[in-house]
Amino acid sequence: MKIGKLIYLPVWYVKNVMLGGHGPLQTVIAITDCCNLACRHCASSVHAGTAMKPFGQINEELQAAYNAGSRFIDFEGGEPTLWMDGEHALNDLYDLAHEIGFFHCTLTTNGQHPFGDTRADFVWVSVDGNQACHDMVRGKGTFQVLDRNIRESGLKNLAINMVIHRKNVSSVTETIRYAKENPAVCAISLNFLTPYPGTEELLLPWETRKKVIDHIIKMKRAGYPIINSCSGLRRMKERKPHHNCWISHFILLDGTWKECPGKELGICMDCGFCMAGEMDGVAGLRPDTVLAGLKLRNSWWKNRKKKKNTGRGRSQ
Ligand SMILES: C[S@@+](CC[C@H](N)C(=O)[O-])C[C@H]1O[C@@H](n2cnc3c(N)ncnc32)[C@H](O)[C@@H]1O
């Protein structure tokens, strides 16, 4: 990240955290609810298959988010790689976001379509366990397809994202190992299920969640490439509402702006999005959380892995 961009961050912090401006730093824009999968942990509204947001509307939303102070963008679905509007395809949205001035743009994908030509700065591929668990959650054969697309992508800034719940908790260790051993993956981010309507029965008992978090922290300390900061993970063990989710806001498919779609559903106490813990860490200036956020946006993971592979790096 360039110096000018780095300076923006402390200025943003003073204005929005210390002086209470509460303007967002990151925006998640839903661009479609069309999806090629129907995952067991995903609310049905997210793969309803009703709409592609028009290019013009996304342009307006990007401009408005930028004017509100946001500098990081994630395009979400549905499945974002399916997005199109006339002649426009997903890469046009990344070009547009970069032109407007966003610092860092990400793609979150289920990996069922090749994505090696993406102009996103960073790609998250959802991997919900080993092959058996992932296929149980996302459909038969989906692990094999995403594994091939990850290996063939040729991308340097690619991490996997796992959502942990009753059906896949047994394969957390194996999935973390997969991230370490797959040369095309630079890191893993771990999240827990958030109980959106229809997915409640997959929620882990709180005591199990706490044990899983302790295990993840141990693996991180043993050198596994886990993006979550220890402070953020520890915060996810506390069953109380998060107060800094405004740092990353959502623009839904119908154009409404929300701090978090889960807030009005009253499920914040059981939130599993570990970003919530990370945002608390950022607001509280926890050094490990701030560092994790900067490293993620600075392709540090790639270089770290390279060094480790050549024996010159050190385990974290
Ligand atoms: C809604 S999906 C959309 C992007 C893409 N189709 C995919 O599968 O990655 C974005 C991320 O949200 C996660 N997710 C879906 N339902 C969730 C839930 N109930 N709790 C926590 N994360 C969830 C998915 O696993 C995925 O990593």
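About the criteria used
- Residues numbered from 1 in each chain as written.
- Predicted model: local features only at pLDDT ≥ 70, side-chain atom pairs only at ≥ 80, totals over all residues.
- Heavy atoms only, no water.
- Helix = DSSP H or I, 4+ residues; strand = E, 2+ residues; numbered from the N terminus.
- Rg over C-alpha atoms; globule rule 2.2 N^0.38 Å.
- Buried < 20%, exposed > 50% of the residue type's maximum accessible area, 1.4 Å probe, protein only.
- Contact = heavy atoms within 4.5 Å.
- Areas by Shrake-Rupley, 256 points an atom, 1.4 Å probe, with all protein chains shown as cover.
- Lys, Arg positive; Asp, Glu negative; His and termini not counted.
- Charge placed at Lys NZ, Arg CZ, Asp CG, Glu CD.
- pLDDT = per-residue confidence, 0-100.
- Salt bridge = Lys/Arg side-chain N within 4 Å of Asp/Glu carboxyl O.
- Near = heavy atom within 4 Å.
- Polar contact = N/O pair within 3.5 Å; in protein donor to acceptor, adjacent residues only side chain to side chain.
- Disulfide = S-S within 2.5 Å.
- Pairing = 2+ DSSP bridges.
- Axes fitted to C-alpha atoms, helices over the stretch in contact; angles between N-to-C directions.
- Patch = residues over 30% accessible without salt bridge, like charges linked within 9 Å, V, L, I, M, F, W, Y side chains within 5 Å.
- Expected span 1.5 Å × (residues − 1).
- Phe/Tyr/Trp six-rings, centres within 6.5 Å; stacked < 30°, edge-to-face > 60°.

Caption draft 1: Quick peek at the overall build of the protein chain. Check the secondary structure of the protein chain and you find 11 helices and 10 strands. Against the compact-globule benchmark of 20 Å for 316 residues, the protein chain has a radius of gyration of 18 Å, which places it among compact chains. For the protein chain, the spread of C-alpha atoms along the principal axes amounts to about 45 × 45 × 40 Å. The buried share of the protein chain, taken over its 316 residues, is 52%. For the protein chain, long-range pairs separated by at least 24 residues make up 73% of all intrachain contacts whose partners lie at least 6 apart in sequence. A total of about 14200 Å² of accessible surface is found on the protein chain, and carbon and sulfur atoms cover 55% of it. Of the side chains in the protein chain, 40 bear a positive and 31 a negative charge, and the two mean positions are spaced by 12 Å.

Caption draft 2: Representation of the confidence of the model for the protein chain. For the protein chain, per-residue confidence averages 92 on the pLDDT scale, and residues scoring 70 or more make up 94% of the total. Predicted confidence for residues 300-316 stays below pLDDT 50, and this span has 31 contacts to residues more than four positions away or in other chains.

Caption draft 3: Region of interest: the pattern of salt bridges. Applying the stated criterion across every chain, the model contains 12 salt bridges. The shortest N-O distance in the salt bridge between K237 and D214 comes to 2.6 Å. Here the residue K237 occupies a position in the loop between α8 (230-235) and β9 (248-251), and D214 occupies one in helix α7 (residues 206-221), the gap between them amounting to 23 residues. The partner of E259 in a salt bridge is K263, and the shortest N-O contact between them spans 3.2 Å. With a relative accessible area of 29%, E259 lands in the partly exposed category. A single network of salt bridges, built from pairs that share partners, joins R235, E238, K240 and D280.

Caption draft 4: Up close: the site of the ligand. In the region of the ligand, 19 residues are neighbours, and H41, G78, S126, N161 and T194 sit closest. Take G78: an N or O atom from its main chain is 2.9 Å from a nitrogen atom of the ligand. Between the ligand and the protein, one listed contact pairs a nitrogen atom with a backbone N or O atom of T194 at 2.9 Å. In isolation the ligand exposes 550 Å². Once the protein is present, 93% of that is buried. Looking at the shell around the ligand, the elements that each hand over two or more residues are β5 (104-109) and β7 (158-164).

Caption draft 5: Spatial organisation of the state of the cysteines. The full count for this structure, using the stated rule, is zero disulfides. Free of any disulfide, C105 has its nearest cysteine sulfur in C186, 17 Å distant. Classification of C105 as buried rests on a relative accessible area of 0%. Unpaired in terms of disulfides, C230 finds its nearest cysteine sulfur in C274, a separation of 12 Å. Look at C230 and you get buried, because its relative accessible area is 9%.

Caption draft 6: Main features of the pairing of strand β6 (residues 122-126). In terms of residue burial, β6 counts as a mostly covered element, since five of its five residues are buried. Relative to β6, β5 runs parallel, the two sharing four bridges. Paired with T106 across the bridge in β6 is F122. Here β6 runs beside β7; their pairing, made up of four bridges, is parallel. Looking at β7, one finds that V125 is bridged to I160.

Caption draft 7: Focus on the sheet that holds strand β10 (residues 257-258). Spatially, eight strands are ordered β8-β7-β6-β5-β2-β1-β9-β10 in an open sheet, and the strand pairing comes out mixed. Of all the strands in the sheet, the pair left with one neighbour each is β8 (187-192) and β10. Strand direction decides the pairing type here: β9 and β10, joined by two bridges, are antiparallel. Its bridge partner lying in β10, F250 is registered against K258. On the sheet, helix α3 (residues 90-100) packs against β2 (72-76) and β5 and is oriented at approximately 155 degrees with respect to β5.

Caption draft 8: Representation of a nonpolar patch on the surface within the structure. A cluster of nonpolar side chains, namely I3, L6, I7 and V11, defines an oily patch on the protein surface of about 370 Å² accessible area. Following the sequence through the fold, I7 ends up in helix α1 (residues 3-18).

Caption draft 9: The arrangement of α1 in detail. Its 16 residues place the ends of α1 22 Å apart at the C-alpha level, agreeing with the 22 Å of an ideal helix rising 1.5 Å per residue. Among the residues making up α1, those that are buried are L9, W12, Y13 and N16. Of the surrounding elements, those touching the buried residues of α1 are β2, α9 (274-283) and α10 (287-296).

Caption draft 10: Structural view of the packing of aromatic side chains. One pass over the full model with this rule turns up seven aromatic pairs. Here F75 and Y94 contribute two aromatic rings whose centre-to-centre distance is 5.3 Å and whose plane-to-plane angle is 70 degrees, an arrangement assigned as edge-to-face. Residue F75 is located in strand β2, and its partner Y94 is located in helix α3; the two are separated by 19 residues in the primary sequence. Overall, F75 belongs to the buried group, its relative accessible area being 0%. Ring pairing ties together the aromatic residues Y8, F72 and F103, which thus form one cluster.

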